[in-house]
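# Breakdown of the fold
Residues per chain, in single letters:
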Amino acid sequence: MYNRRVMSGAPRIQVLPDTVSSAIAAGEVIERPASVIKELVENALDAGATRIEIEVEDAGIARMQVRDNGLGILSEDVFLAVQRYATSKLRSPEDLFNIRTLGFRGEALSSIAAVARMELSTRSAAEATGTKIVVEGGEILEQKTIGAPPGTTINIRDLFYNVPARRKFVKSPTTERRKINQIVQRFALAHPWVAFHLAHDGRVVFEASGSGDAREVLARVYNPELAREMIQLSPAADAPIKIHGFVSPPHLNRSNRQGIIFFVNGRWIQDASLNAAVIQAYHTLLMVGRYPHSVIHIELTPENVDVNVHPAKSEIRFREPRPVFNLVQRAVRAALLGQAVPPSVSLHNQGDTIPGALSADWQLAGDVELAQDLLPLQSDWGSSEGQVPLLRPVGQVSRAYLVAEGPDGIYLIDQHAAHERILFEQYMHEVESDQLESQALLDSITIEFSADEISLLEENAQQIQALGFELEAFGGLSFRLRRIPSIFTGRDPEQAIRAVVEDFEEDESPLAAKREARLAARICKRLAIKSGQLLSLEEQRALILSLERCASPRTCPHGRPTMIHLPVASLARQFGRT
Ligand code: ADP
Ligand code: MG
């Protein structure tokens, strides 16, 4: 974050010359109580505050107060603060290309003052006394000298009292409170060094201590478990674009994209292509329709980003979006691959028998140090062989799990999940490199579908063909399966086609590009070796060998682990040898 404390005393406020104000993406920024909170907290942060206290009554309609310990405003400038296009943050049109503050339009206070009753009390540390002004409907009714600690307190009452039309757009108190909480929590995530305190109707709903510990803020905003398990991105040293923050391990996920949060130079922003970069980084690690949590900070020189795109300042434009997108995707993927070690079983406090320990919940996070030993962070997942050490098959348990020995302990492999991964990578490789081999079925199989299913099959005929299947209408509701991809020889092809039809029925993903991989994952799940199937030692060996060759051997394409690792060290500990 840019340190705003470098300014000494309060910066002077000026009315922007027309050349600047006309270049600003103007617009009405105050549409609901949360917009007021957002603007006031931005101002407090711009003033270098280290503590920001927010009080809200009646979801913000009755009263909102934001108190900060920032630089304050000089007494002779106070009247300017509530004037339109008066700001201490911009001087010339060129400054618009070098914005280091959250605000710059000089619009917020005047817009708020126009639609509410405002009291502003402030004192600059450079002055002995403070100033208080009372503004109503945009007019300063009163100005007086007061005693006050350095900082600024702004009190807003009766929002939209003079613009009843605007009130109609305010949603239920619950919704408005939620919006306010969301905004304050985002600020806290972006500024872990600033203490935040938020109360609704006298009840504290959110606090962050300002200790600088990002995980503490994550725990406050989400929950301690997620905070503990979030994986920290490791920023590349002295790169011109810095990416840092946290992403959730694949098993902690949610059903929509709302958990993907970005800050650019400390400003919360929304950007669909950055969301896509994160989602792509989780490719095949997350189940279909599930999305990660992520809090990602991007820092780059202000010249390379245009924040003057939208009045709410939550949309921005990168001068060169592609490198930013790539960096984000790589940083997330690298962190995930570094993390996707086999979950280590925690044998402590789990009773003393290994079977008991195995059924106990394992930690995907595993032992971080061990993870780093096994698997150095990858900068690119194109080349990520060697993620599983060479393994020696020992046997099969419950007709479901393979036991194998590695240089560093015992590996338990889920035969179904492992085979899913193997089939998926082979299949995708063939599909993507246009080398899909398909094979004619000697005894063609007849499959019956419902009328609805048939129309889906017809609509998606091309996709089905691209995946190496050939179907032929056979009268009525019957179809004949003529060809299947060679890698599925010996498996039940009807299952594959049914999996494809089910996928067409659900069709939850709007991204056509992802569909192929999703279909492939689904087919492979159906056709993979099931649990319950007895495997010879030879078959076990072949399965393990193929798994070792996979690019992402540690999870199935839907994100579940394929293996659990029992490190020698933890066995030794359990047996009291160390
Ligand atoms: P902007 O933030 O775009 O400059 P605002 O209308 O939000 O415009 O604020 C106008 C000016 O008032 C700011 O430039 C700043 O100088 C001053 N100001 C507003 N809030 C504070 C605050 N909490 N602490 C110190 N100065 C403030
Ligand atoms: Mg502002």
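Residues numbered from 1 in each chain as written. Chains lettered and ligands numbered in written order. Predicted model: local features only at pLDDT ≥ 70, side-chain atom pairs only at ≥ 80, totals over all residues. Heavy atoms only, no water.

The next subject is the overall build of the chain. If you tally the helices and strands in the chain, you get 19 helices and 26 strands. Among the 578 residues that make up the chain, the fraction classed as buried is 51%. Of all intrachain contacts in the chain linking residues separated by at least 6 positions in sequence, the fraction that spans at least 24 positions is 70%. In the structure as shown, the chain presents an accessible area of about 26,500 Å², 50% of it carried by carbon and sulfur atoms. (Helix = DSSP H or I, 4+ residues; strand = E, 2+ residues; numbered from the N terminus. Buried < 20%, exposed > 50% of the residue type's maximum accessible area, 1.4 Å probe, protein only. Contact = heavy atoms within 4.5 Å. Areas by Shrake-Rupley, 256 points an atom, 1.4 Å probe, with all protein chains shown as cover.)

Strand order in the open sheet made by the eight strands is β7-β6-β5-β8-β3-β2-β9-β10, with mixed pairing throughout. Bordering the open sheet on either side are β7 (139-146) and β10 (203-208), each of which pairs with just one other strand. Averaged over all neighbouring strand pairs, the angle between strand axes comes to 10 degrees, with direction disregarded. In this fold helix α6 (residues 173-190) packs onto β2 (51-57), β9 (195-200) and β10, with an angle of close to 170 degrees to the strand it touches most, β9. (Pairing = 2+ DSSP bridges. Axes fitted to C-alpha atoms, helices over the stretch in contact; angles between N-to-C directions.)

We now examine the site of ligand 1. Close to ligand 1 lie 20 residues, the nearest being N43, T87, S88, K89 and G106. Contacts to ligand 1 include N43, whose side-chain N or O atom sits 2.8 Å from an oxygen atom. Burial of ligand 1 by the protein amounts to 96% of the accessible area it has alone, namely 520 Å². Of the residues contributing to the shell around ligand 1, the split by class is nine nonpolar, seven polar and four charged. (Near = heavy atom within 4 Å. Polar contact = N/O pair within 3.5 Å; in protein donor to acceptor, adjacent residues only side chain to side chain. Nonpolar A, V, L, I, M, F, W, Y, C, P; charged D, E, K, R; others polar.)

Here the focus is the packing of aromatic side chains. Scanning the entire structure with this criterion turns up two aromatic pairs. For the ring pair Y427 and F488, a centre distance of 4.9 Å and an interplane angle of 70 degrees mean the geometry is edge-to-face. Residue Y427 is located in helix α13 (residues 415-432), and its partner F488 is located in the loop between β25 (478-485) and α16 (493-506); the two are separated by 61 residues in the primary sequence. As far as burial versus exposure is concerned, Y427 and F488 are alike and both buried. Taking 5.7 Å as the distance between ring centres and 80 degrees as the angle between the ring planes, the aromatic pair formed by F449 and F479 counts as edge-to-face. (Phe/Tyr/Trp six-rings, centres within 6.5 Å; stacked < 30°, edge-to-face > 60°.)

Pairing is antiparallel across the open sheet formed by four strands, whose spatial order is β20-β21-β22-β26. Each edge of the sheet is formed by a strand with only one pairing partner; in this case those strands are β20 (392-397) and β26 (563-567). Pairwise comparison of adjacent strand axes, ignoring direction, gives a mean angle of 20 degrees for this sheet. With six bridges connecting them, strand β21 (residues 401-406) and strand β22 (residues 409-414) associate as antiparallel partners. By the bridge assignment for β22, V403 is matched with L412. Against the sheet, α13 contacts β20, β21 and β22, and its axis sits at roughly 75 degrees relative to β22.

Before going further, it helps to examine the pattern of salt bridges. For the coordinates displayed, the defined rule picks out 23 salt bridges. One salt bridge connects E57 with R63, and the closest N-O pair in it is separated by 3.0 Å. For R63, a relative accessible area of 10% corresponds to the buried category. Its salt-bridge partner being E107, residue R84 comes within 3.0 Å of it at the nearest N-O pair. Taken together, the positions of R84 in the loop between α3 (78-81) and β4 (86-87) and E107 in the loop between β4 and α4 (108-115) put the pair 23 residues apart, joining distant regions of the chain. It is possible to trace a salt-bridge network through shared partners that takes in E502, D503, R518, R522 and R526. (Salt bridge = Lys/Arg side-chain N within 4 Å of Asp/Glu carboxyl O.)

Within strand β3 (residues 63-68), five of the six residues are buried, which leaves it mostly tucked inside the rest of the structure. As paired elements, β2 and β3 share six bridges and run antiparallel to each other. Residue pairing for β3: E57 is matched across the bridge by R63. If you look at the hairpin formed by β2 and β3, you'll find five residues sitting between the two strands, and D58 has a positive phi there, around 55 degrees. Pairing geometry for β3 and strand β8 (residues 151-157), over six bridges, is antiparallel. If you follow D68 over to β8, its bridge partner there is T152.

At a minimum axis separation of 10 Å, helix α14 (residues 451-459) and α16 run at an interaxial angle of 90 degrees. Classed by the angle they form, the pair α14 and α16 counts as roughly perpendicular. Contacts between α14 and α16 pair E453, L456 and L457 from the former with R498, V501, F504 and E505 from the latter. Tallied by class, the residues present in the contact of α14 with α16 amount to four nonpolar, no polar and three charged. (Parallel < 35°, antiparallel > 145°, perpendicular 65-115°, else oblique.)

Here we come to the layout of surface pockets. Computed from the structure, the largest pocket encloses a volume of approximately 1,100 Å³. Contributing to the lining of the largest pocket are 41 residues, with Q182, I183, R186, W268 and Q270 lying nearest its centre. Where the lining of the largest pocket is concerned, the elements lending two or more residues are α2 (33-46), α6, β14 (260-264) and β15 (267-269). The element that contributes the greatest number of residues to the lining of the largest pocket is α6, accounting for nine residues. The residue inventory of the lining of the largest pocket, partitioned by class, reads 16 nonpolar, ten polar and 15 charged. (1 Å grid on protein atoms, 1.4 Å probe; cavity = no way out; pocket = protein on both sides within 12 Å on 5 of 7 lines; lining within 4 Å. Points joined across faces, edges and corners; volume = space filled by probe spheres on them.)

In terms of burial, β8 is largely enclosed, as six of its seven residues are buried. Taken together, the seven bridges between strand β5 (residues 117-123) and β8 define a ladder with antiparallel strand orientation. Paired with R123 across the bridge in β8 is G151.

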